[in-house]
Amino acid sequence: RSILAQVEGFIQTWEKRHTDTPYKPYMSKLCILFAALPWAFVCQHCDDPGECEAAHSHSVTFLQTSIHKHISKPNGHYWPHPKGRLGSLSQTSYGLPASALKDLDRHLAWKWVLPENLSAFVWGTLIDENKNIIVASRQGLYKYTADGEPLWNRTDIQGSMMPVMMGDNLYGMCAGSASMYSLDLHTGETVWKKKVAATTGQEGDMMEARNGVLVTAVDQDKSWLKPEVGIPAKRAIGINATNAEELWSYIPECGIWNIMALFPDQESTIIMDYCGGLYRLNLYDGSEVWKVRGSLFSMTDGGSTLGPDGNVYTCSNAPGTQLTMDEKDTHAGRLRKYDVSNGKLLWETKLQNACMNFPAVSPDGKTVVLSDGANVLDPPMKWLRGMGNTSEEIDRFYAFQQELLANKTQLNYYGHDNLNASILGFDASTGTLMWEHDVEPWYGMSFALDEERAYLWLKGEHPFGHCGPPHWSGPIIDQEGKVYVSRSDGLLHIYDPRDGSD
């Protein structure tokens, strides 16, 4: 036990000193050596072999259950990356017990709402090794204890995109300015701040980090023809997390939308462009390992993930579907699996609607989960912009829209069918549909509260006319196979495919 304590102490001290410095994975080789000896459990709890170092709304709600008082602490942060922990993306081992699901509202611990309310834009949350919660929004960064007590905030950092934790630092970048920052995770104080490009895309790019290298996307794809829905980034970059120096730059064939870099090993990263093209690059110099061309004249704001088998699963669309992807029943969507070693397509499955989701793979590696449903982006209140209506006419039109929504008839009134939507489970080996859970069809011309945003926009009380989120968030899968996924009607679904309960 004395030897084990010394070995574990050495590893922790070494990692603490080297977390933020790009390094070749010599330390991972040391861990592998340890694993071959009787004290193999030194690295047993790492979520990723060798990884022994430490998605839109205006509010965040936190649930606490008694199970969380007894969970074992992970090696490192609980949720350091946008999709969780490397080696188990979109997976959690802290799923809610059946007793909590029977009365979920009773377990509401606290609720946090930005003062800006509907004008606010929350990207998501991160959870550190002490269960403290980082709330990342365009209006600032906030850190709270698990019980909702404030620790620090950085409201001076405006326009931040989704950040990431690595070691004792929080790394992110501000949209538009391309100002990248490193904050001390414990105090919130600035470690460094640097402008790394002329500008950024206007969508939902995420910062990612591995072995002292930060990966994100910057600049703008000038060939993009629909700036009203956002602008894709032009190139991916690798940044030294210690001093913000650019290590490499890579321009894919299509622009980048909602970048979330993957890390299949210690030395490489995988990015996806909005056509569904994949690029495996050297993490330290950006050199190309392999690439797979995407579907030309297509677009997705979905993404990719790695399964327990190490292979890549992507959500994108078929060639030539960019102009029709928001329509119902286009069969444009494609769920694909690629061999991580060479980029070879292993299987492809056609979906009922355009694929605008991040897939998740179950912890046992058997099931790929995806949410399906077409988009709606046209709140009728926006139609009055520039029409010269009086304030009273705007109020009456808004009251009529609220009546249509309350009766669940807005889409039907304007000549459209309601939108079907479902949570889907596919065989990870073949791509065959294993199960499908249909939810209530959506009935609005836009998603929850966008009609109100458009109304306030007309009144000069809101900065934009709609938020326009995709139909679903990306799913999360717990240790029992239950699926947690939020829909843009404002509801959180917890679905158990074992018995079909929702």
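All figures in this text were calculated on a predicted structure; none of them were measured in a lab.

*Asks:* So what exactly am I meant to see when it comes to the overall build of the protein chain here?
*Replies:* Per the secondary structure count, the protein chain includes six helices and 31 strands. For the protein chain, with 502 residues in total, the buried portion stands at 56%. Total accessible area computed for the protein chain in this model is approximately 21600 Å², and 51% of it derives from carbon and sulfur atoms.

*Asks:* How should I be thinking about helix 6 (residues 450-458) in this particular structure?
*Replies:* The periodicity of an α-helix, 3.6 residues per turn, causes residues three or four positions apart to be oriented the same way. Within helix 6, eight of the nine residues are buried, leaving the element largely enclosed by the surrounding structure. Looking only at helix 6, the buried set comprises Asp450, Glu451, Arg453, Ala454, Tyr455, Leu456, Trp457 and Leu458. Next to the buried residues of helix 6 lie helix 4 (391-406) and helix 5 (410-413). The positive-phi residue at the C-terminal boundary of helix 6 is glycine 460, with phi of around 75 degrees.

*Asks:* Can you help me understand the pairing of strand 15 (residues 213-220) in this one?
*Replies:* Two faces, one strand: in a regular strand the side chains alternate between the faces of the sheet. Counting buried positions along strand 15 yields eight of eight residues, so the element is predominantly enclosed. When strand 14 (residues 208-210) meets strand 15, the two strands line up antiparallel, connected through three bridges. Directly across from glutamate 208, in strand 15, lies its bridge partner valine 215. Examined bridge by bridge, strand 15 and strand 16 (residues 233-240) share seven bridges and lie antiparallel to one another. Paired with threonine 216 across the strands is isoleucine 237, a residue of strand 16.

*Asks:* In this structure, what is going on with the confidence of the model for the protein chain? I would like to understand it.
*Replies:* Detailed reading of the predicted model is not advised wherever pLDDT is low. Per-residue pLDDT for the protein chain averages 87, and the proportion of residues at 70 or more is 85%. Across residues 13-21 the pLDDT falls below 50, and counting only partners more than four positions away or on other chains, this stretch makes 21 contacts in the model. For the stretch residues 23-57, pLDDT sits under 50, and the model shows 71 contacts to residues farther than four places along the chain or on other chains.

*Asks:* Would you mind going over the environment of aspartate 438 with me for this structure?
*Replies:* Among the structural elements, aspartate 438 can be located in strand 28 (residues 433-442). Each C-alpha atom, one on aspartate 438 and one on serine 422, is 4.2 Å from the other, the two residues being 16 residues apart in sequence. Not counting residues up to four positions away in its chain, the partners in contact with aspartate 438 are Ala421 and Ser422.

*Asks:* Before we go on, may I ask you to explain the sheet that holds strand 31 (residues 492-495) in this structure?
*Replies:* Sheet strands associate in pairs through backbone hydrogen bonding, adopting either a parallel or an antiparallel arrangement. Taken in spatial order, the four strands line up as 4-29-30-31 in an open sheet, and their pairing is mixed. The open sheet terminates on both sides in strands that have one partner only, identified here as strand 4 (91-92) and strand 31. As paired strands, strand 30 (residues 483-486) and strand 31 are joined by four bridges and run antiparallel to one another. By the bridge assignment for strand 31, tyrosine 484 is matched with isoleucine 494.

*Asks:* What am I meant to see in the state of the cysteines here?
*Replies:* Simply put, disulfide is the name for a covalent bond between the sulfur atoms of two cysteines. A full pass over the atoms with the stated rule returns two disulfides. Two residues, cysteine 254 and cysteine 275, share a disulfide whose sulfurs are 2.0 Å apart. The S-S bond linking cysteine 254 to cysteine 275 shows a torsion near -85 degrees; that makes this disulfide left-handed. Here the residue cysteine 254 occupies a position in the loop between strand 17 (246-250) and strand 18 (268-272), and cysteine 275 occupies one in the loop between strand 18 and strand 19 (278-282), the gap between them amounting to 21 residues. By the burial criterion, cysteine 254 is buried, and cysteine 275 matches it. Cysteine 315 shares a disulfide with cysteine 355; S-S distance 2.0 Å. Judged by the torsion about the S-S bond (-125 degrees), the cysteine 315/cysteine 355 disulfide is left-handed. Placement of the pair is cysteine 315 in strand 22 (residues 312-317) and cysteine 355 in the loop between strand 24 (345-350) and strand 25 (360-361), with a sequence separation of 40 residues. Assessed through its relative accessible area of 0%, cysteine 315 is described here as buried. Take cysteine 355: its relative accessible area is 2%, and that puts it in the buried class.

*Asks:* Is there a simple way to think about the nonpolar core in this case?
*Replies:* Inside soluble globular proteins, nonpolar side chains tend to come together where they are buried. One finds Leu141, Leu170, Ile271, Leu278 and Val312 to be the most contacted residues of the largest nonpolar core, which totals 51 residues. With residues near it in sequence (within four places) discarded, leucine 141 still touches Val135, Ala136, Trp152, Asn153, Arg154, Ile157, Ser160, Pro163, Leu170, Tyr181 and Leu183.

*Asks:* Would you mind showing me how to read unusual backbone geometry here?
*Replies:* Most peptide bonds adopt trans geometry, and most residues besides glycine take a negative phi value. In the Ramachandran plot, phenylalanine 297 falls in the positive-phi region, its phi being about 60 degrees despite a non-glycine side chain. As for its placement among the helices and strands, phenylalanine 297 is situated in the loop between strand 20 (288-292) and strand 21 (304-306). Located in the positive-phi region is histidine 331, a residue other than glycine, with phi close to 55 degrees. Locating histidine 331 in the fold gives a position in the loop between strand 22 and strand 23 (333-338).

*Asks:* Could you clarify how one ought to interpret the pairing of strand 8 (residues 140-144) in this entry?
*Replies:* A large share of strand 8 lies buried, amounting to five of its five residues. Bridge count for strand 7 (residues 133-137) against strand 8 is five bridges, and the pairing is antiparallel. When the bridges of strand 8 are listed, serine 137 appears paired with glycine 140. Between strand 7 and strand 8, which follow one another and run antiparallel, lie two residues. Strand direction decides the pairing type here: strand 8 and strand 9 (residues 150-154), joined by four bridges, are antiparallel. Residue leucine 141 lies in a different strand from strand 9, and its bridge partner there is arginine 154.

Reading the values: rules and limits
- Counting restarts for each chain: residues are numbered from 1 in the order of the written sequence.
- The model is predicted, so local features are restricted to residues of pLDDT at least 70 and side-chain atom pairs to those at 80 or more, both for listing and for counting; the totals for chains, interfaces and linings are taken over all residues.
- In computing side-chain values, all of the structure's heavy atoms are included and hydrogens and water are not.
- Starting at the N terminus, helices and strands are each numbered in turn, a helix being any DSSP run of H or I of at least four residues and a strand any DSSP run of E of at least two.
- The buried label goes to any residue with under 20% of its type's maximum accessible area, the exposed label to any with over 50%, and the partly exposed label to all in between, with areas taken from a 1.4 Å probe on protein chains only.
- Surface exposure here means Shrake-Rupley accessible area, sampled with a 1.4 Å probe, where a residue is shielded only by the protein chains that are shown.
- Contacts between residues were defined by any pair of non-hydrogen atoms, one from each residue, lying within 4.5 Å.
- Should DSSP find at least two bridges between two strands, the strands are taken to pair.
- Confidence of the predictor at the level of single residues is captured by pLDDT, which takes values from 0 to 100.
- Cysteine sulfur atoms that come within 2.5 Å of each other are treated as a disulfide pair.
- Within this scheme, the nonpolar core is defined by two criteria: the residues are buried Ala, Val, Leu, Ile, Met, Phe, Trp, Tyr or Cys, and they are joined through side-chain atoms within 4.5 Å.

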